[in-house]
Amino acid sequence: LHYPLRRQRQMCIRDRDQCFWKVKLWDDDGEASDWSSDSSWSVGLLGHSDWEGDWIAMEDNHEFETSENVTFLADDPDRGVLTMRPAKYFRKEFRAKGGIRRATLYATARGVYEVSINGERVGDQYLAPGWTDYDQRLYFQTYDVSDQVREKGANAIGATLSDGWYAGYIGYAFFVKLHSNPSGRGYYGETPSLLMQLEIEYEDGTREIVKTDQTWKTALGPITETDIQMGESYDARRELGEWTSPKYNDRGWESVAMELPYVDTIEAHPGVPVRVIEEIAAQQIFEPEPGVYVFDLGQNFSGIPRLKVKGEAGQKIRLRTGEMVHPDQTLITENLRCARSTDTYTLKGSDEAEVWAPQFVYHGFQYVEVTGLDEKPSLDMITGLVMHSDTPLTGSFESSDPMLNQLYSNIVWTQRANFLEVPTDCPQRDERMGWTGDAQIFVKAATFNADIAAFYKKWLVDLRDSQLIFGAYPAFAPFPYSRPGPPHGTAWMDAGVICPWTIWQAYGDLEVVRANWQSMDTFMAFRGARDRGKKGTEEGKSWGDWLNLDQPTPLAYLDLCYYAHSAGMMAEMADAIGKPAKGNHYRTLRKQIETSFGELYLAGEGKLLSLIHI
């Protein structure tokens, strides 16, 4: 095993290369196993020059339908009107010659996308390409589509594009009416755009590229409004037919607009894809009011509802999601604040039951309220599709105490629901941000429950991209905006040190330390500059001990504790990556902070002074 790896390090790995590997193991007695079956990985596009496609979009000059209002918040004139835009559809036909060796699709977007080739969906990922600081970095996905491209005759490729995190509603901006953009949306841009190239390699060594350019066409379709937080509306009467298949009549489609977005980096997504992990059947149905049906799925989770319904053309079925119900079994939505979390399906009137699930949204819910039906539904009308970043579960816990078992189940489901592209604070209301406080306090527990190495390493890229110019880490990452006041806070910002250290400790991977070292060192320099006396400060957000019960811990005390904690971790990481001088520096710093802490907060025999009186 070691010899081939040594040889591989000497190889010149180039973009688009496909590499194969297999494994053999030896036990303590020197007995060897059989070789595993071959596996492979491929190298993506490594630089801007590898991208031959153009950015395409739809001209943003269409008059869109007015969305239904958020009933309890959108009427505030200071907030403006809830804006929901439709998905855009793009297509192109092409021909391939015979003898295809491999066909690879590279795709990215400012927004979120889904691709089909010859009527078949490409991959099983949702909300690709993910969330980044779009002004600094974009991710792309690579798909092996060799089995989907036809060697002879016509082919067609199509993509659906939505606002996503790029142009849609992000976090609580709409709720708190941020002065920088009270609409709560469009913090990175207003018009989503698409970049793709399909590379076909032939047996004779030639290569052909089908790329996004001015030859593509675009149209609106059945997704009449869509937003990750607010929900999605689908009018099946507007379906476009076999629009991702060849020989489709697209004469009514319009030419695409060409975009010239600037971004520093386009690179392969380093994390794990968002997928539908499992399906949950409804357990019971309530009818709190005539014609209002509430489906109980028996489990709170992140994902989307799938509807199966039969009815007349033009009939509208509305789905609202929530985590709880009132004592009278009506749906609780007050905790959602400005997140509409409403999906609407308009039937086309098929002879068979119509099956639909929203495409570019996700909700946090256990209950689905259904209205617009002509008759009482059956349980199979609603199915829950559990959706989150595909971090495989690796740990388990079981005891003789049912309450402890339920507690552990709650922890795992909470982790799953909040690990969607970034470690969020909640999957249901108008927030869903990568809060640093939540991320650092839970990261160790998360490593016991699931394989989160790649997931957290991706988020740490977001955190580095979000690092403030003076060295502190902000309250959340990605960081599209800040509320008034300082954007950082004690304990929360220390996630930039705590999370890399914890991932290293859990998985033994020093690469996460090396990748984040310069950023962490800069952060610690900021800490040292603002607290030269090593007494702790109250600078920054005052969140501190966020979940205290009306008896907050003094912020300077917490600040000093976290300063020492981070210094100790930095010393360990410096030693591990071969930086002994830095290791000694941070060990000395830790001892100096400990001395100062003792003078400030310890009484005789190491007893802690009462913090209430400090």
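Look up a bit, the structure's there.
Let me sum up the structure you'll find in this document. (Residues numbered from 1 in each chain as written. Predicted model: local features only at pLDDT ≥ 70, side-chain atom pairs only at ≥ 80, totals over all residues. Heavy atoms only, no water.)

**Thoughts on the overall build of the chain**
Short version of the rule: Put simply, DSSP marks the helices as runs of H or I at least four residues long and the strands as runs of E at least two long, and each gets a number from the N terminus on. Within these notes, the globule rule equals 2.2 Å times the number of residues to the 0.38 power, and the radius of gyration is based on C-alpha atoms. Between buried and exposed lies partly exposed: a residue is buried under 20% and exposed over 50% of the maximum accessible area for its type, with that area taken using a 1.4 Å probe on protein chains only. Contacts between residues were defined by any pair of non-hydrogen atoms, one from each residue, lying within 4.5 Å. Charge assignment: positive for Lys and Arg, negative for Asp and Glu; neither His nor the chain ends contribute. Just so you know, the charge point we use is NZ for Lys, CZ for Arg, CG for Asp and CD for Glu.
Across its full length, the chain holds ten helices and 27 strands. Computed over C-alpha atoms, the radius of gyration of the chain comes to 27 Å, within 12% of the 25 Å expected from 2.2 N^0.38 for 614 residues, which places it in the range of a compact globule. For the C-alpha atoms alone, the extent of the chain along its principal axes is close to 85 × 65 × 55 Å. The buried share of the chain, reckoned over its 614 residues, is 55%. Partitioning the contacts of the chain with sequence separation of at least 6, the portion at a separation of at least 24 is 77%. Taken as two groups, the 62 positive and 90 negative side-chain charges of the chain have centres that lie 5 Å from each other.

**Considering the pattern of salt bridges**
To keep it simple, the criterion reads: The term salt bridge refers to a side-chain nitrogen of Lys or Arg lying within 4 Å of a carboxyl oxygen of Asp or Glu.
Under the counting rule described, the total for this entry stands at 41 salt bridges. Among the ionic pairs, E199 bridges to R16, the shortest N-O distance being 2.6 Å. Here E199 is found in strand β10 (residues 193-202), whereas its partner R16 is found in the loop between α1 (2-10) and β1 (18-21), with 183 residues between them in sequence. The pair E199 / R16 is uniform in exposure class, with both members buried. The closest approach of N and O atoms between R91 and D250, which form a salt bridge, is 2.8 Å. Of this pair, R91 sits in strand β4 (residues 88-95) while D250 is found in the loop between β14 (231-235) and β15 (254-255), placing the two residues 159 residues apart along the sequence. As far as the burial class goes, R91 and D250 line up, both buried. Look at the salt bridges and you will find they share partners, linking D494, R527, R530, E539 and D559 into a network.

**Quick notes on the sheet that holds strand β6 (residues 112-117)**
Across a sheet, paired strands are connected by hydrogen bonds in the backbone, their directions being either parallel or antiparallel. Convention followed: The rule for pairing is simple: two strands pair if DSSP sees at least two bridges between them.
Pairing in this open sheet of six strands is antiparallel, and the strands run β7-β6-β9-β4-β12-β15 from one edge to the other. Two strands close off the open sheet at either side, each with one partner strand: β7 (120-121) and β15.

**Structural notes on the side chain of D521**
Here D521 is to be found in helix α8 (residues 511-530). Sequence-distant contacts of D521, that is, excluding residues within four places in its chain, are made with M570, K582 and Y586.

**Quick notes on helix α7 (residues 495-507)**
For the record, the criterion: For a helix, the expected span equals 1.5 Å multiplied by the residue count minus one.
The terminal C-alpha atoms of α7, which comprises 13 residues, lie 18 Å apart, in line with the 18 Å expected from a rise of 1.5 Å per residue. Taking burial as the measure, the 13 residues of α7 include ten buried ones, the bulk of the element. If you check which residues of α7 are buried, you get A495, G496, V497, I498, C499, P500, W501, T502, I503 and W504. Along its buried surface, α7 packs onto α5 (436-449), α6 (453-466), α8 and α9 (555-576). Immediately downstream of α7, the backbone of G508 shows phi near 70°, a positive value.

**Quick notes on the pairing of β10**
With ten of ten residues buried, β10 lies mostly within the body of the structure. In β10, alternate side chains face the same way, and those of S193, L195, Q197, E199 and E201 on one face and L194, M196, L198, I200 and Y202 on the other are all buried. Of the pairings in the sheet, the one linking strand β5 (residues 100-110) to β10 comprises ten bridges and is antiparallel in character. Residue A107 lies in a different strand from β10, and its bridge partner there is M196. Linking β10 back to strand β11 (residues 207-211) in an antiparallel pair, the connection comprises four residues, with G205 at a positive phi of about 95°.

**Things to note about a nonpolar patch on the surface**
Definition in use: Like charges are joined within 9 Å and nonpolar side chains (Val, Leu, Ile, Met, Phe, Trp, Tyr) within 5 Å, but only among residues with over 30% relative accessible area and no salt bridge; these make up the patches. In short, Shrake-Rupley with a 1.4 Å probe defines the accessible areas, and a residue's cover is counted only from the protein chains shown.
On the surface, F397, L404, L407 and I411 cluster together into a nonpolar patch covering about 330 Å² of accessible area. For I411, the location among the structural elements is in helix α4 (residues 402-418).

**Considerations on a negative patch on the surface**
Taken together, the side chains of D27, D28, D29 and E31 make up a negatively charged region of the molecular surface. For D27, the position within the fold is in the loop between β1 and β2 (39-42). Looking at D27, the relative accessible area reads 42%, which means it is partly exposed.

**Focus: the environment of H388**
Along the chain, H388 turns up in strand β25 (residues 382-389). When its relative accessible area of 3% is taken as the criterion, H388 is described as buried. Taking the C-alpha atoms as reference points, H388 and Y89, 299 residues apart in sequence, are found 25 Å from one another. Residues in contact with H388, not counting those within four places in the same chain, are P273, V274, R275, I277, S302, R416, F419 and L420.

**So, the environment of Y172**
Of note, Y172 is situated in the loop between α2 (164-167) and α3 (173-176). Between the C-alpha atoms of Y172 and R432, which are 260 residues apart in sequence, the distance is 8.4 Å. Residue contacts for Y172: discarding those within four places in its chain leaves R337, D430, E431, W435, F476, Y481 and R483.

**Some points on the packing of aromatic side chains**
Note the following rule: Only centres within 6.5 Å qualify two rings of Phe, Tyr or Trp (six-membered ring in Trp) as a pair; their planes then separate them into stacked at under 30 degrees, edge-to-face at over 60, and tilted for everything else. Charge over a ring is defined by NZ of Lys or CZ of Arg lying within 6 Å of the ring centre and within 35 degrees of the ring normal.
Enumeration according to the criterion identifies 39 aromatic pairs in this entry. Centre to centre, the rings of Y172 and F476 are 6.4 Å apart; their planes meet at 85°, and the pair counts as edge-to-face. Remark: F476 occurs in the loop between α6 and α7 and Y172 occurs in the loop between α2 and α3; sequence separation between them is 304 residues. Residue Y172 is classed as buried on the basis of its relative accessible area of 5%. Ring centres 5.0 Å apart and planes at 75° place the aromatic pair W435 and F476 in the edge-to-face group. In this pair, W435 is assigned in the loop between β27 (422-423) and α5 and F476 in the loop between α6 and α7, connecting sequence segments 41 residues apart. When its relative accessible area of 7% is taken as the criterion, W435 is described as buried. Aromatic rings pair up to connect Y172, Y187, W435, F476, F479, Y481, W492, W543 and W546 into one cluster. In this structure, R110 packs its charged tip against the face of W55, placed 5.8 Å from the ring centre.

**A closer look at the side chain of R91**
Going by this rule: For the purposes of these results, a polar contact is taken to be a pair of N or O atoms within 3.5 Å, where, inside protein, one atom must be able to donate a hydrogen and its partner to accept one; residues adjacent in sequence count only when each atom of the pair is a side-chain atom.
Judged by relative accessible area, R91 falls into the buried class, the value being 2%. Within polar-contact distance, the side chain of R91 engages the side chain of E93 at 3.1 Å. Once you skip the residues sitting within four places of it in the chain, R91 turns out to touch A156, I157, G158, W216, K217, W243, S245, Y248, D250 and W253.

**Here's the deal with the packing of α5 against α6**
Rules: Where helices are involved, their axes are fitted lines through C-alpha atoms of the stretch in contact, as for all axes, and angles between N-to-C directions lie from 0 to 180°. Crossing chirality is assigned from the near helix's rotation relative to the far helix, an anticlockwise turn below a right angle marking it left-handed and a clockwise turn marking it right-handed. Only Asp, Glu, Lys and Arg are considered charged, only Ala, Val, Leu, Ile, Met, Phe, Trp, Tyr, Cys and Pro nonpolar, and every remaining residue, Gly among them, polar.
Relative orientation of the contacting elements α5 and α6 amounts to 145°, with a least axis distance of 13 Å. Crossing geometry of α5 relative to α6 is assigned as left-handed. Of α6, the residues touching α5 (which contributes T436, A439 and V443) are Y456, W459 and L463. A per-class count over the contact of α5 with α6 returns five nonpolar, one polar and no charged.

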